[in-house]
Every structure is written in structure tokens, then in C-alpha cells.
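What follows is each chain in one-letter form.
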Amino acid sequence: ISLIAFLTYTVLALYRFQSTSTFMYRVTQVLPLPVAKAGSDYVSYESYLFEIRHYTHYYENQLKLDFNSPEGKQQLVAFKRQALDKVINDAYVKKIAKEKGISVSEQEIDQQVSLLRAQNRLGESDAVFEDVLRDYWGWSVKDFRRSLRDQILAQKVAAALDTDTTARAQKALDELKAGKDFAKVAAKYSDDAATKDNGGQLGTIERTNRDMSPQAIDALYKLEPGHFSDVINTGYTLLILKNVEETSDGKIKAAYIAFNFKDITDQLNQLKEQQPTRALIKN
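Let us look at the structure shown here.

How each quantity is defined
Residues numbered from 1 in each chain as written. Predicted model: local features only at pLDDT ≥ 70, side-chain atom pairs only at ≥ 80, totals over all residues. Heavy atoms only, no water. 1 Å grid on protein atoms, 1.4 Å probe; cavity = no way out; pocket = protein on both sides within 12 Å on 5 of 7 lines; lining within 4 Å. Points joined across faces, edges and corners; volume = space filled by probe spheres on them. Helix = DSSP H or I, 4+ residues; strand = E, 2+ residues; numbered from the N terminus. Nonpolar A, V, L, I, M, F, W, Y, C, P; charged D, E, K, R; others polar. Buried < 20%, exposed > 50% of the residue type's maximum accessible area, 1.4 Å probe, protein only. Contact = heavy atoms within 4.5 Å. Phe/Tyr/Trp six-rings, centres within 6.5 Å; stacked < 30°, edge-to-face > 60°. Lys NZ or Arg CZ within 6 Å of the ring centre and 35° of its normal. Salt bridge = Lys/Arg side-chain N within 4 Å of Asp/Glu carboxyl O. Pairing = 2+ DSSP bridges. Polar contact = N/O pair within 3.5 Å; in protein donor to acceptor, adjacent residues only side chain to side chain. Axes fitted to C-alpha atoms, helices over the stretch in contact; angles between N-to-C directions. Expected span 1.5 Å × (residues − 1).

1. Description of the layout of surface pockets
And step 1. Roughly 430 Å³ of internal volume is contained in the largest pocket.
And step 2. Listing elements by their share of the lining of the largest pocket, those giving two or more residues are α5 (106-118), α6 (126-137), α7 (141-161) and α10 (214-220).
And step 3. With five residues, the top contributor of residues to the lining of the largest pocket is α7.
And step 4. When its residues are assigned to classes, the lining of the largest pocket shows nine nonpolar, seven polar and one charged.

2. Things to note about the environment of T20
And step 1. In this structure, T20 sits in the loop between α1 (2-16) and α2 (22-30).
And step 2. Overall, the relative accessible area of 24% leaves T20 in the partly exposed class.
And step 3. With 28 residues separating them along the chain, T20 and Y48 place their C-alpha atoms 9.5 Å apart.
And step 4. Ignoring anything within four residues of it in the chain, the contact list for T20 reads L49, I52, R53 and K80.

3. Observations concerning the packing of aromatic side chains
Centre-to-centre distance and the angle between the planes together describe a pair of aromatic rings.
And step 1. Evaluation of the coordinates by the stated rule reveals eleven aromatic pairs.
And step 2. Here the aromatic residues F50, Y55, Y58, Y59, F67, F79, Y136, W137 and W139 are joined through ring pairs into a cluster of three or more.
And step 3. Cation over ring: R146 sits above F50, and NZ or CZ is 4.0 Å from the ring centre.

4. Let's talk about the pattern of salt bridges
And step 1. Going through the model one piece at a time under the given rule, you end up with 17 salt bridges.
And step 2. As a salt-bridge pair, R168 and D191 come within 2.8 Å of each other at their nearest N and O atoms. Pair noted here: R168 is in helix α8 (residues 163-177) and D191 is in the loop between α9 (182-189) and β3 (201-205), with a separation of 23 residues, a long-range link.
And step 3. Looking at R168, the relative accessible area reads 26%, which means it is partly exposed.
And step 4. In this structure D191 comes out as partly exposed when scored by relative accessible area, which is 33%.
And step 5. A single salt-bridge network, built from bridges that share partners, covers E106, D110, R145 and R149.

5. Some points on the pairing of strand β6 (residues 252-260)
And step 1. Counting buried residues in β6 gives seven out of nine residues, a clear majority hidden from the surface.
And step 2. Relative to β6, β3 runs antiparallel, the two sharing four bridges. The residue of β6 that forms the bridge with T204 is K253.
And step 3. Across nine bridges, strand β5 (residues 237-246) lies against β6 in antiparallel orientation. Each residue of the ladder has a partner; that of I240, found in β6, is I257.
And step 4. Between β5 and β6, which follow one another and run antiparallel, lie five residues, and G250 among them has a positive phi close to 85°.

6. Focus on the side chain of T165
And step 1. Relative to the helices and strands, T165 is located in helix α8.
And step 2. Side chain to side chain, T165 and D162 meet in a polar contact 2.6 Å long.
And step 3. In this structure, T165 is in contact with L238, F259, N260 and F261, ignoring residues within four places of it in sequence.

7. Quick look at the sheet that holds strand β2 (residues 41-44)
And step 1. Strand order in the open sheet formed by three strands is β2-β1-β7, and the pairing between neighbours is antiparallel. In the strand order of this sheet, the two ends are held by β2 and β7 (277-279), each with one partner. The mean angle between the axes of side-by-side strands here comes to 25°, regardless of whether they run parallel or antiparallel.
And step 2. As defined by bridge partners, strand β1 (residues 34-38) adjoins β7 across three bridges and the pair is classed as antiparallel. Within the sheet, the bridge partner assigned to A38 lies in β7 and is T277.

8. Re helix α3 (residues 45-61)
And step 1. The terminal C-alpha atoms of α3, which comprises 17 residues, lie 24 Å apart, in line with the 24 Å expected from a rise of 1.5 Å per residue.
And step 2. The set of residues buried in α3 consists of Y45, E46, S47, Y48, L49, F50, E51, I52, H54, Y55 and T56.

9. Brief notes about unusual backbone geometry
Excluding glycine, a negative phi dihedral is what most residues carry, and trans is how most peptide bonds are arranged.
And step 1. One non-glycine residue, Q18, lies in the positive phi region at around 50°.
And step 2. Along the chain, Q18 turns up in the loop between α1 and α2.

This is the structure:
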């Protein structure tokens, strides 16, 4: 009787009232309950709550948003819709990754974390890093690595689906290696409308710059003045970087040629048409 009562309470709390409480999150970590079906595969309710809870933690603790207020309730509805869309998309990404034999290793995650730590994007020490994750997102290091794994997997799938952009970047690199002027190659190939007509000039970049990806900063600071890089995959964009000149204070005058991958959403939508989604909750 107790078990039946507990299961009944759980089903009502999750599927009717859509509770996001810590207790119900712990329940979904134990019970493999679904929140949606992506084709033939179920999407776990736990992954849905995982996404919602880091959004709400940030808004409650950093922006002091009251989710019981009219504005807060409206924002929570938006978060729930966003979280459901994300975990469903993640499920389709994993389908494609499995078909193409794409995976993310612990070493790849370690490398990404190391880049972020080296550029002081995650705090100066392990303790600060853990404090930042807990205070801002309510995450542990394990939670952060989980989110990073999903992000890297989506990026690798996007790259695998868009071979045309990779080929175009390689063609531009071949022209540079053949001695063509960097500015002319940028004007011919770059997808960055703001820089392609001025030789790809980015201005002065410092190691802690937050407007560039950690991969780009790392590659740029390994270049000698006047040299350009190989094709750098920053996730959803391919870059060819150039160290134009180093300044006296350790900064770099940089230029780049950018190649944007096609939005993976189009490919996911095609897959959704072939293998429809069925949500088990209403948003």
C-alpha cells in the first residue's frame, strides 16, 4: 500500500503538477521515468529536471527572481519549455552520434576543462571553481562535466553533418599555404561579415578575452607573429587565426577567417519528421 501510494504521488507530482523540487529530482535519479519519447527512444525525466534546475538556481540566487510572482511564474513556464526542447534535441543528437560512431571521451572533456582553467574562466583554484558552479548553477563538478559532454557531442555531430563547411575551410587553408594574402582569402571565404572586408582584423586580443572561444585563444597564443594557424574547430565555427603582431604588454593583434557550420536544428527537424516526438507533459 505504501509503495502504491508513493508511486501515485510521484506520478501526480511529475506529470500533473510538474514539480521541480529537489526531492522529485532525486526520485527521477533512481526511477527511470520518461518525460518524452524521441522516435523509439525515451527521454528521461531526470535530464529534463537537470536542465530546469540550473536555470532556476541561477535566477533565484543571482538575479533574485521570485518564482511565485507573476513574472517568475511566466519565466518558469519559459524555462520548462526551453528545457524540454533541449533534452529532446539532445536525444536526437545522441541518435545521430550513435549512427555515425561519434562519442566524447573523458580526455576530451579534460582538455576542454584545462583550457578553461588555464584562461581563468573557471576560477583560480579547484575550490573557487567548485564554489562558482555551486553558487551560480547549483552544480557539482560532475554536473558541469555532464553538461560539457552534451555540448561537445552536439558540436561534433554538427561538424560531421556539415562536410561542406569543413571542405571550404580546408580550401582556404590550402590557398594560404600556397602563399595567397591572408586579407584576400578572408574576403573570399570568411562568414564573418563584420571582419571579412578588412582582412579579418580582430583588433588586440588578450589571453583572458571572453569574446573568443578558449580553443581560439589557446591556438592564437601558440602562433609566432606573422604566422597563421591550421583550421581550428571551436565548436560551431571553424577558424583560421593569424598572429599579426605582438604588443609590448603581451597582447596580440589578431585576424581570422571564420567558417560557420550550418545550424544543426535543420537536420534535427528532418529527423523529427521521420521519427516524431511525443511529449509526456504539457508546457
